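Notes for the structure review
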Amino acid sequence: MSCLLCGSYYEEPLRFSDILSLKPSQHRLCTDCYQGFEKVSKSHCPTCFKSHIDKQCQDCKVWAKKGYTVHHQALFQYNDSMKAYFSSFKFEGDYLLRYAFANELKAHLRFFKGYTIVPVPVSSERYQERQFNQVTALLDAAKISYQEILQKAHITKQSSLSRQERLSHDNPFSVVAGAPLPDKIVVVDDIYTTGATLADIVSLLKKNGVKQIRTFSLVR
């Protein structure tokens, strides 16, 4: 099997469950590449999963003062390897990289029983530029069901904005006309930076009567 990142050939041990189900393995990264990614540390903010902290972080305290209580989980830290991954996947359009973390996403999101998974949308202009939504691409690769009930107005790329600019803006999200709103929702994004995107969505969903809302991202 060839690694999606470095292209080198590697062999993966065949599991007995794979033989019984006749399903190919979904691991698509070699050991060397995979070890470059860092999982969220055992000591992390209990509300946003920021690593290397054993109490609620300052960001979450600030959000709480603004009336937004963070209920977030994440799997990986944002390091140089993850930055390079998203540069290739999200900005250069290497669509095969959607499979890189399929196993991890599927294993974690199954714990949100009773919740409807809702991906963070991209604007129509951004979709035309990239030809895909990176969040739904990750969920599709992991074969995770979701409902697209949100839409987004076109704004400047978040990656090009300062921290203050990300936090100071009008809400670009809205509910798709006629879309059913479940009582319990998990909003899924690719990267959690300041939390502004998810705060906007949570605020919108609460105003529309959603009773329980949690958020999740692949990376924090």
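Bear in mind the structure is a predicted one, so any value in this text is a computation, not a measurement.

Now for the environment of V210. With respect to the element layout, V210 can be found in the loop between α9 (196-207) and β6 (212-219). On the basis of relative accessible area, V210 is assigned to the buried category, the value being 6%. If near-sequence neighbours (up to four positions away) are discounted, V210 is found in contact with L181, P182, D183, I185 and L205.

This part takes up the state of the cysteines. Using the criterion set out here, one finds zero disulfides in the structure. For the unlinked cysteine C6, the closest cysteine sulfur is that of C30, found at 3.7 Å.

Now for the sheet that holds strand β5 (residues 184-191). Pairing is parallel in the open sheet, where four strands are placed in the order β1-β6-β5-β2. Every interior strand has two partners, whereas the edge strands, β1 (72-76) and β2 (116-119), have only one. Strand-to-strand twist across the sheet, computed as the mean angle between neighbouring axes with direction ignored, equals 25°. Here β1 pairs with β6 via four bridges, running parallel. When the sheet's bridge partners are listed, A74 is paired in β6 with S217. Against the sheet, helix α5 (residues 102-109) contacts β1, β2, β5 and β6, and its axis sits at roughly 150° relative to β1.

Criteria and cut-off values
Residues numbered from 1 in each chain as written. Predicted model: local features only at pLDDT ≥ 70, side-chain atom pairs only at ≥ 80, totals over all residues. Heavy atoms only, no water. Helix = DSSP H or I, 4+ residues; strand = E, 2+ residues; numbered from the N terminus. Buried < 20%, exposed > 50% of the residue type's maximum accessible area, 1.4 Å probe, protein only. Contact = heavy atoms within 4.5 Å. Disulfide = S-S within 2.5 Å. Pairing = 2+ DSSP bridges. Axes fitted to C-alpha atoms, helices over the stretch in contact; angles between N-to-C directions.

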